[in-house]
Amino acid sequence: MGKWGNSTNTPTPNPQPPTPNPQPPTPNPHFFLFTFHLKDMAFSVTKQRNFWWTVSALLTIGSILAMVISWFTIQAPLRPSLDFVGGTRIQIELACAKKNNCEKPLTTAEVQVILDEEGLGNSSVQVLDKYTLSVRTKTLVEEQRTKLLDTLNQKIGTFDPETSQIDTVGPTIGQELFRSGFLALLVSFFGIAVYLSFRFQRDYAFFAIVALFHDVLITVGVFAVLGLIAGVEVDSLFLVSLLTIVGFSVNDTVVIYDRVRENFAQTPELSVDEIVDNAVSQTLARSINTTLTTLLPLVAIFLFGGTTLKYFALALIIGFVAGAYSSIFIASTLLAWWRGRSNRTTINYS
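Analysis parameters
- Residues numbered from 1 in each chain as written.
- Predicted model: local features only at pLDDT ≥ 70, side-chain atom pairs only at ≥ 80, totals over all residues.
- Heavy atoms only, no water.
- Helix = DSSP H or I, 4+ residues; strand = E, 2+ residues; numbered from the N terminus.
- Contact = heavy atoms within 4.5 Å.
- Areas by Shrake-Rupley, 256 points an atom, 1.4 Å probe, with all protein chains shown as cover.
- Pairing = 2+ DSSP bridges.
- Axes fitted to C-alpha atoms, helices over the stretch in contact; angles between N-to-C directions.
- Left-handed = near helix turned anticlockwise from the far one by under 90°.
- Nonpolar A, V, L, I, M, F, W, Y, C, P; charged D, E, K, R; others polar.
- Patch = residues over 30% accessible without salt bridge, like charges linked within 9 Å, V, L, I, M, F, W, Y side chains within 5 Å.
- Salt bridge = Lys/Arg side-chain N within 4 Å of Asp/Glu carboxyl O.
- Expected span 1.5 Å × (residues − 1).
- Polar contact = N/O pair within 3.5 Å; in protein donor to acceptor, adjacent residues only side chain to side chain.
- Core = buried A, V, L, I, M, F, W, Y, C linked by side-chain atoms within 4.5 Å.
- Buried < 20%, exposed > 50% of the residue type's maximum accessible area, 1.4 Å probe, protein only.
- Phe/Tyr/Trp six-rings, centres within 6.5 Å; stacked < 30°, edge-to-face > 60°.

Engineer: Explain the overall build of the protein to me, using residue names and the numbers behind them.
Structural biologist: Counting secondary structure elements, the protein contains 10 helices and 4 strands. Taken from the N to the C terminus, the helices and strands of the protein come in the order α-α-β-α-α-β-β-α-β-α-α-α-α-α. Once local pairs closer than 6 in sequence are excluded, the contacts in the protein between residues at least 24 apart make up 78%. For the protein, the accessible surface area stands at approximately 20,600 Å², while carbon and sulfur atoms represent 61% of it.

Dropping the structure here:
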């Protein structure tokens, strides 16, 4: 016992070594989609807006010129199919094509001579894959179709009856299809304008509609060129593709506009250009990933989906790419330019 009472020597526990910081998980190198961390990068769409507008202007002017040339060449901005103009289309393939022993490919000139002799000189003739013949002419009754097929078999070669396709559409039905499709397109534009006006403001809605016209016009212009060069016709599926393009494009634009509205509320001290740039950078990864994943099945349909869906998929591919471009580089930059010009930095939050 000591002077100050009992004392016990309590052993001091050994200090535990510090726990090492856990290592971050290794990213999966086989992850299918790229994750773009673009919001951390200095990316400005507003600084180069004159460049984006110039690209769009050139594409738009080129599309209009293609439709004008098409009008003077075939009296229509696009080459219409039977769905719109009516008539009879006959598509037949040489029987020798299955055995790959045809002596020579078909030519439109020899077929046109036969059609002239049959009083069908105004018919449209196309040769597909060298040995498949597609003839579009006025509406033919069954006796006239049989006579034409017999003449073609006698003067050109034997055609395989199993591969023959004969379609007949009356002119009244064709005109009704066109009017209905065009009306549906106009109604969709009007509905989108009303929706965006209520959700945002009128200037937002106006520039979104400008972007939609841009997407539709470029798609139509490409098909005007294809109609002149390759004889590609547009049918009712083409109108369906335009409606789909409008829906896809406006969805991308609404995502960016939503982020612009949020940034106006969260960072009111920034300029309009900075707010729009931040909004585009924050949504750019989503826009790119969404577009890429949508394009993959469309490319597969275009390559392997057959002739019926081939050009439908092509129209969607063109329109979706144009839609992603216009949402990022046109609708947003036009809004930033207008708001900066009018010194408006507020927005309704209804």
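Engineer: Tell me about the sheet that holds strand E1 (residues 87-94), and please be specific about residues and values.
Structural biologist: The strand order across the open sheet built from 4 strands is E2-E3-E1-E4, with neighbouring strands paired in antiparallel fashion. On the outer flanks of this sheet lie strand E2 (124-128) and strand E4 (159-169), each paired with one strand and no other. With strand direction ignored, the average angle separating the axes of adjacent strands in the sheet is 15°. Summarising the sheet, E1 and E4 pair through 7 bridges and their orientation is antiparallel.

Engineer: Which residues make up the packing of helix H8 (residues 236-266) against helix H9 (residues 272-304), and what are the values?
Structural biologist: Closest axis-to-axis distance for the H8/H9 pair is 8 Å, and the angle between their directions is 145°. Where H8 crosses over H9, the two elements pack in a sense that is right-handed. Residues that form the contact of H8 with H9 fall into these classes: 10 nonpolar, 9 polar and 3 charged.

Engineer: Describe a nonpolar patch on the surface, with residues and values.
Structural biologist: Taken together, the side chains of Ile64, Val68, Trp71 and Phe72 make up a nonpolar region of the molecular surface, amounting to roughly 440 Å² of accessible area. For Ile64, the location among the structural elements is in helix H1 (residues 49-74).

Engineer: Tell me what's going on with H8, and back it up with residues and numbers.
Structural biologist: A rise of 1.5 Å per residue sets the reference length of H8, with its 31 residues, at 45 Å; its end C-alpha atoms lie 46 Å apart and thus fit the reference within 8%. Sitting at the head of H8, Asp235 places a side-chain oxygen 3.1 Å from the backbone nitrogen of Leu237.

Engineer: Describe the side chain of Ser70, with residues and values.
Structural biologist: Along the chain, Ser70 turns up in helix H1. Of the polar contacts made by the side chain of Ser70, one reaches the backbone oxygen of Pro77; its length is 3.2 Å. If sequence neighbours within four positions are ignored, Ser70 has contacts with Gln75, Ala76, Pro77, Leu78 and Leu228.

Engineer: Requested: an account of the environment of Ser134, with residues and values cited.
Structural biologist: Tracing the backbone through its elements, the reader meets Ser134 in strand E3 (residues 132-137). Measuring from C-alpha to C-alpha, the distance between Ser134 and Ile90 comes to 5.7 Å, with 44 residues separating the pair along the chain. With near-sequence residues (within four places) excluded, Ser134 lies in contact with Arg89, Ile90, Gln91, Ser124, Val125, Gln126 and Leu128.

Engineer: If you had to explain the nonpolar core to someone new, which residues and values would you point to?
Structural biologist: Ranked by internal contacts, the top residues of the largest apolar core, which has 59 residues, are Leu196, Phe223, Phe238, Leu242, Tyr257 and Val260. Of all the elements in the fold, those that place two or more residues in this core are H1, helix H6 (171-199), helix H7 (202-229), H8, H9 and helix H10 (307-342). Top element by residues in this core is H10. It accounts for 14 residues. Counting 18 residues, the second largest nonpolar core, distinct from the first, contains Ile92, Cys102, Val111 and Leu133.

Engineer: Any details on the packing of aromatic side chains? Residues and values, ideally.
Structural biologist: Going through the model one piece at a time under the given rule, you end up with 13 aromatic pairs. With centroids separated by 4.9 Å and ring planes inclined at 55°, the aromatic side chains of Phe223 and Phe238 adopt a geometry described as tilted. Here the residue Phe223 occupies a position in helix H7, and Phe238 occupies one in helix H8, the gap between them amounting to 15 residues. Phe223 gets classed as buried once you look at its relative accessible area, which sits at 2%. On the accessibility criterion, Phe238 (5% relative accessible area) is buried. Judged by centre distance (5.1 Å) and plane angle (40°), the ring pair of Tyr325 and Phe329 falls under tilted. In this pair, Tyr325 and Phe329 both sit in helix H10, 4 residues apart, roughly one turn of the helix. Here Tyr325 falls in the buried class, since its relative accessible area comes to 18%.

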